[in-house]
Each structure stands twice: as C-alpha cells, then as structure tokens.
Amino acid sequence: GYARATGKVGVCMATSGPGATNLVSAIADAYMDSIPLVSITGQVKSKFIGKMAFQEIDFFGMTLPIVKHSYLVMNAADLPRIFKEAFHLARSGRPGPVVIDIPKDVQQAKFQPVYPPTVEFRSAYATATQHAGDEQLAEILSLIAQAKRPVLYAGGGIISADAHRELRLFAERTNVPVATTLMGLGAFPESHPLSMQWFGMHGAAYGNWAVDQCDLLLCFGARFDDRITGDTASFASAAKIVHIDIDASEHNKNKRVLLPVVSDIKYALTRLNELAAARQFAPPDTSAWREQIARWKSQSPFRYEESRHIVPQEAVQVLYELTKGDAIITTGVGQHQMWAAQFYRFNEPRRYISSLGLGAMGFGYPAALGVKVACPDKEVIDIDGDGSFMMNIQELATAHIEKIAAKAMILNNQHLGMVVQWEDRFYGSVRGNTILGDENNVGSPDNPAGLYPDFVRIAEGFGVKGERVIRKS
C-alpha cells in the first residue's frame, strides 16, 4: 500500500519459516503489478541451512519465480552492497520485488558497514533504461495521422513512470480517446471528454466496443493481459497495434503487434509531444469516431437498478459524492473491487489501490494502513467485501495500536459474491462453500439485519469504532 501510493520502495520484514512463507502472496502481488518492494526475511543459522532445522525453508528458491532478484546473505560484510543493490533493482526499469534472506548468525554479526558509492551489476540490462528512437516515434505519429478510429490503451506503466501529465497532453494533441486498465485507473482523468474510463472483463462496454472497432490501438505501459483481451485472436482484430513498454519481454508475448517499442514511457511520451510540436503535427479528424463513442456512452453507461434497499453500487456512488472524489480508495478482491472502480471516479493516479494481477483477497485493509501511513493528510478508505475483509481482519489491531486512521466500508452480502456470480452464470448455481452468512440468524435488537459475522462487535473488540448502515437515511 505504501509503495503503490507513493511510488517509493515499500519495505516489509518477517521471521524465518512460516513468517517468510506468509509473505509469498504479498511478494507475488507486487511482482504481478510491478510494485517496488524489498522483503527482508530471517533464516536459520548458516551451518543449519539444508538440514531441515526448526523453521528452515528455502525462501531464496521459493521466491525466484516471483521476484526481480533474491539474495541469501552468507557474509555480513556483503549487507551494505546487497541492500543498496536491492533498492536500486526494486525501483529501476520495470519495478518489482526483491527478497533479502538473512541467516541468524549473519544478523547477529558485528562489523563496520562500508557502503559502496555506486551500484554495479555484471549485466547492463539490470540497470539500463532504454529510450525510443525518434524514427520509431515519428512512425507512431504517422500512423496516428492516417487513423480514422484510433484508441489509446493505457496501463499501470503510465503511473509507475509518473507519466500521466505527458499522457494527457499527448491525447489532447492527437485527439485520441483513452481507455485504461484497472492498473491504469487515474492515469488519464475519467472526467475528461476523451476518457472511456477502463475496459476489459468488468469494464465499460463503450471502451470494449471502441477497442474492438478501432483501426489503430496505441498500447502504452500495459501488457495485454487476459482480463483485457479475452481471446487474443479476436482482440482489436482490425487494428494496427503499437506497443510501448519498458520490458521487452512483454512485446508479442500475448498479442502480435505491428510496432513494438522498448522505452521508458515517460521519455517516449515527452518526446512524442516534442516531435508533434516541432513538426506541427496535424491530428486526424476523429470527430465522427468520438461522436460514435459518445452515443455508446449514453446508451450503455455503468448503471444499476434502483431499490428501496441499499445496493452496493449506490453505496460506492454516495461515498464518491461525500468525499468529492478526493479519497484514496483501496479494495479487497471480488465484486466490490469492480463496483469501486465503476462507480468511484478517478481523476488522478495512485488513488485506486488494489490487487489486480494476482487478485489476492484480504489485500484491502492492510493496504489501506500502508497508504494512510504514506498519505496521513488524505482520507483513505478500504471498500471491501465481507469475505475479503475477514482474511486479514486482525489488522484492525494494527490500526488501533499504531493509531492509523484508515477506514473500511464493508459491503456485506453474506457471500463470496464474485464466486457466486460465476456459479450462477456458468455452474448451475451449485454452491461450493460460498455462503458466508448464518441462514438461521433472524436478527436481534443489536443486529436487526441478522448479519453474520457481526463486524461492528468485532471492530469494537479490537478497539475500533464500527457502525452498521441498513437504511438509506
């Protein structure tokens, strides 16, 4: 949460064995979403490594597939260099997690640390930041000039590179409508006339239709993941595709493209804007295309059926109105995660904090604590579901003890809602342990709705105030 809200390297520590293995989901989450993280873990004494000592686990080997790099420190004198390298690796290029596993005897060693003045690696690729050439960027401007139905598809790379201002200038200069991924929420203001909000499996219909029918797709800082593309063979099938990404391994991995460009996206957008200005670039007339998108927007907006009861989408919408869109929102994983993205508007980056590549339930409230520590003057609210919130409910104790005023709005439907939705749509409504409530609970004066578990009482048990809302007014 701290790293996502600030762009700085987040740090966490855990003991050996189960303490370290409890970090695996968090490390994998940072890896999938390209979040800079340094995880420092304990290990048994060096002489016991490989002998199945108490709480020994090969955390170095276990985490290799989900980190940028892992270290097992066998000499205390290496610690200054390793820490400097780890922080550099975590934040350079495509950000990601780094693990430092430290045996007990190394932790307890006494020595005079000497920090190297610079960080050096055997491979230049580890630290090099590549920049697009002017010829490639000029070709992109030429493709835009010829397009009649262009779309800009912006991902989390825009936010990682702090390139949202450059993106807005570029979209306005070229008249290209913008659709983001969930990782890219806020990279382009959702209130902007060129915004199509976000698209994909749970995204805006008009964004999906626009990408499907576009003749030029500019993919900037995104990776063509399955929740965006569905069947890649039919994704943007009539479009010429340009893909700018700092990670060359993403090019042509999921979707074949016409023009792959390896570059830092902030540099590429800055230079595109400069070239467009210097060459007096004439943007294409996209008025008919934008009018079509406007019709789709009016015909198929995000909407929900009104009810005398509080429906979850309405709760999110009211929260947006009360906070005037100025809060930082974290979420767990499930239906509430999608409703938060659909009915809260994000005009700035780093305002929607969620586990997206990994989809780790229990993410929302601990992340909110990290965000609140990073941004103490901001209202930080976890929009969560009952199932997801219960997975890390003990963090209420952290909030109370550390006096971290992150709030939670739990949309309690007594079910694992997203799974129930799939059960109903695809599996004949067969329930597989997805009902969380007590069907025999008819309520009490303290809990008239009969909601189980009783989150208000649980919160109070942790020393945190709670309130149940069951009526609109």
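(A) Quick look at the sheet that holds strand E11 (residues 328-331). The sheet built from four strands is open, its strands ordered E12-E11-E13-E14 with parallel pairing. The strands lining the two open edges of the sheet, one partner per strand, are strand E12 (352-353) and strand E14 (407-411). Of the strand pairs in this sheet, strand E13 (residues 380-385) and E14 are connected by five bridges, and their pairing is parallel. Bridged to Asp 382 within E14 is Ala 408. Those strands touched by helix H14 (residues 312-323) are E11, E13 and E14, and its axis lies near 155 degrees from that of E14. Against the sheet, helix H15 (residues 335-343) makes contact with E11, E12, E13 and E14, and its axis sits at roughly 135 degrees relative to E13, the strand it touches most.

(B) Layout of helix H10 (residues 205-213). Of the positions making up H10, those classed as buried are Tyr 206, Gly 207, Ala 210 and Val 211. Relative to the axis of H10, the buried residues are bounded by an arc of 135 degrees and lie together on one face. In this structure, the buried residues of H10 make contact with strand E5 (150-154), strand E7 (195-198), strand E8 (216-220) and helix H13 (287-299).

(C) Representation of the sheet that holds strand E3 (residues 69-72) within the structure. Read from one edge of the open sheet, four strands run E1-E2-E4-E3, paired in parallel fashion. Each edge of the sheet is formed by a strand with only one pairing partner; in this case those strands are strand E1 (10-14) and E3. Here the strands of the sheet are splayed against their neighbours by 15 degrees on average, with no regard to which way each runs. Bridge count for strand E2 (residues 37-43) against strand E4 (residues 97-103) is seven bridges, and the pairing is parallel. Residue pairing across strands places Gln 43 opposite Pro 103, the latter belonging to E4. Strands E1, E2, E3 and E4 of the sheet are contacted by helix H5 (residues 79-91), whose axis makes an angle of about 160 degrees with E4.

So, how was this worked out
- Residues numbered from 1 in each chain as written.
- Predicted model: local features only at pLDDT ≥ 70, side-chain atom pairs only at ≥ 80, totals over all residues.
- Heavy atoms only, no water.
- Pairing = 2+ DSSP bridges.
- Helix = DSSP H or I, 4+ residues; strand = E, 2+ residues; numbered from the N terminus.
- Contact = heavy atoms within 4.5 Å.
- Axes fitted to C-alpha atoms, helices over the stretch in contact; angles between N-to-C directions.
- Buried < 20%, exposed > 50% of the residue type's maximum accessible area, 1.4 Å probe, protein only.
- Arc of directions from axis to C-beta.

Remember, this is a structural readout, not a statement about activity or role.
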